[in-house]
Number of protein chains: 2
Amino acid sequence: MRKDSRLSRVLHALIHLHHYGKPATSDDLGKMLGTNPVVVRRTMAALREQGYVSALKGHNGGWSLAKPLTEITLYDVHKALGEGSVFTIGLTDEHNNCPIEHGVNKALRDVMQEAEALMLARFKQVSLAQLASEFERHDRTGG
Amino acid sequence: MRKDSRLSRVLHALIHLHHYGKPATSDDLGKMLGTNPVVVRRTMAALREQGYVSALKGHNGGWSLAKPLTEITLYDVHKALGEGSVFTIGLTDEHNNCPIEHGVNKALRDVMQEAEALMLARFKQVSLAQLASEFERHDRTGG
DNA sequence: CCTTATGTAACTTTTAATGTTTCTTGTGTT
DNA sequence: AACACAAGAAACATTAAAAGTTACATAAGG
């Protein structure tokens, strides 16, 4: 099943931005992320709308952080991308009022909601600053 | 993103089978599930391979439970369908050895693994017999 | 032998992300 | 003012896996 790698991609971009020292163009980011500039713009647009990054046109333009990484959590980024369901598991449409189908779907929905709640709670606990510092430590120790 | 509703569908089918009193043809199940017989066969085949159901050809043939519902959990069914990743969230390919990308992916992978573990643990706690009885109670109380 | 029903192959459809091309708009430089 | 740079955005193709569909082979009962 096709995956949505926007979260992974945009987190990667934000941390690169943090280290970049100047605005990064969509082309720059595209090269860092192994994708193309249009995909970068499309994905970053969601973050711009939530005020996490800003974009400038023209010479020396490009993308910059609008907030420090300490003030952005994984949850914030996930939410900015639009919280569609996180699961590949879907429920059948309950067209014919079958109580069995209702019961099955309710059971699955309950479990998925609990798992999603755990996931989002974890996402809230991790700031991008933590992520960035972890990678830097990892990098210095050469592991 | 396209959902995989095989789990919901096949659980629905198994509980119907339990109440059916005789083997149910793929056509019967297709009508109950709002889908077509070939999809039913394809999905049920995975359960047959794991010994949860059996199928007979010819007159009075069709699908029957090969184990009581008390001996089948949500986890068993989920696993029988083949445990692809449960999440729509995917990680980017780590092509260019970027430590930032590695760090981001590791953080996301850790959280997703924890959430998936919780989900599977919950699935193990629920037998299809429990599901069936819950729906029956729900049905009798008219709620 | 005929009917029923599974088993299976081959092909189409669906859906959202992703890839790509092209054009417009805005902004700084010369 | 003209130009170059870069985001914004529209339009279309590609991709992947479930799901839908058609067709036919296989097996088993009547």
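Residues numbered from 1 in each chain as written. Chains lettered and ligands numbered in written order. Predicted model: local features only at pLDDT ≥ 70, side-chain atom pairs only at ≥ 80, totals over all residues. Heavy atoms only, no water.

> I'd like to hear about the overall build of chain A, residue by residue, with values.
For chain A, the count of helices and strands is six helices and two strands. Tracing chain A from N to C terminus, the helices and strands come up as α-α-α-β-β-α-α-α. Once the C-alpha set of chain A is aligned to its principal axes, its extents read approximately 60 × 35 × 25 Å. Out of the 143 residues in chain A, the part that is buried amounts to 47%. Pairs at least 24 residues apart make up 62% of the contacts formed inside chain A by residues separated by at least 6 positions. (Helix = DSSP H or I, 4+ residues; strand = E, 2+ residues; numbered from the N terminus. Buried < 20%, exposed > 50% of the residue type's maximum accessible area, 1.4 Å probe, protein only. Contact = heavy atoms within 4.5 Å.)

> Run through the interface of chain B and chain A, naming residues and quoting values.
Tallying the contact residues gives 49 residues for chain B and 49 residues for chain A. Seen at the junction of chain B and chain A, the total is two salt bridges. When the shortest N-O distance is used, the salt bridge between R122(A) and E114(B) registers 2.7 Å. Linking chain B with chain A are 18 residue pairs in polar contact (both at pLDDT 80 or more). Of all elements in the fold, only α1 (6-20), α2 (26-33), α4 (74-80), α5 (99-125) and α6 (128-140) of chain B reach the threshold of two or more residues within the side of chain B that touches chain A. The greatest single-element share of the side of chain B that touches chain A, amounting to 16 residues, is contributed by α5(B). Looking at side-chain class alone, the side of chain B that touches chain A contains 25 nonpolar, 15 polar and nine charged residues. (Salt bridge = Lys/Arg side-chain N within 4 Å of Asp/Glu carboxyl O. Polar contact = N/O pair within 3.5 Å; in protein donor to acceptor, adjacent residues only side chain to side chain. Nonpolar A, V, L, I, M, F, W, Y, C, P; charged D, E, K, R; others polar.)

> Could you give an account of the side chain of S26(B), naming the residues involved and the relevant values?
By secondary structure assignment, the location of S26(B) is in helix α2. Residues in contact with S26(B), not counting those within four places in the same chain, are P37(B), V40(B), R41(B) and W63(B).

> Would you mind going over the relation of the copies chain B and chain A in detail, with residue names and values included?
Superposition record for chain B on chain A: RMSD 0.1 Å, screw rotation 180 degrees, translation along axis 0.0 Å. Such values leave the two copies arranged in the relation of a two-fold axis. Ranked by how close their C-alpha atoms come to the rotation axis, the residues of chain B are headed by F87(B), at 2.2 Å. Take the interface residues of chain B: 100% of them recur as interface residues in chain A, which is what a same-surface contact looks like. (Least-squares fit on C-alpha atoms with pLDDT ≥ 70 in both.)

> Run through the pairing of strand β2 (residues 62-65) of chain B, naming residues and quoting values.
Residue and element names in this part refer to chain B. In this structure, strand β1 (residues 53-56) lies alongside β2, joined through four bridges in antiparallel fashion. Pairing of L56 across the sheet is with G62, part of β2. Counted along the chain from β1 to the antiparallel partner β2, the turn is five residues long, and its residue G58 has a positive phi close to 80 degrees. (Pairing = 2+ DSSP bridges.)

> Give a detailed account of the packing of helix α5 (residues 99-125) of chain A against α1(B), specifying residues and quantitative values.
Remark: α5(A) packs on α1(B), axes separated minimally by 9 Å, with the N-to-C direction vectors making an angle of 135 degrees. Overall, the two elements α5(A) and α1(B) adopt an arrangement that is oblique. At the point where α5(A) passes α1(B), the crossing takes the right-handed sense. On α1(B), the residues touching I100(A), E101(A), V104(A), N105(A) and L108(A) of α5(A) are L7(B), S8(B), L11(B), H12(B), I15(B), H16(B) and H19(B). Residue classes in the contact of α5(A) with α1(B) are distributed as six nonpolar, five polar and one charged. (Axes fitted to C-alpha atoms, helices over the stretch in contact; angles between N-to-C directions. Parallel < 35°, antiparallel > 145°, perpendicular 65-115°, else oblique. Left-handed = near helix turned anticlockwise from the far one by under 90°.)

> Can you explain unusual backbone geometry? Please cite residues and give values.
Residues and elements named next belong to chain A. In the Ramachandran plot, N60 falls in the positive-phi region, its phi being about 60 degrees despite a non-glycine side chain. With respect to the secondary-structure elements, N60 resides in the loop between β1 (53-56) and β2 (62-65). In this structure N60 comes out as exposed when scored by relative accessible area, which is 72%.

> Account for the environment of S26(A), with residues named and values stated.
On the basis of relative accessibility, which here comes to 7%, the residue S26(A) falls in the buried class. One polar contact links S26(A) to W63(A), side chain to side chain, over a distance of 2.9 Å.

> Let's hear about the packing of aromatic side chains: which residues, and what values?
Enumeration over the complete set of coordinates arrives at one aromatic pair over all chains. A cation over an aromatic ring shows up here: K124(A) above the ring of Y75(A), its NZ or CZ 4.6 Å from the ring centre. (Phe/Tyr/Trp six-rings, centres within 6.5 Å; stacked < 30°, edge-to-face > 60°. Lys NZ or Arg CZ within 6 Å of the ring centre and 35° of its normal.)

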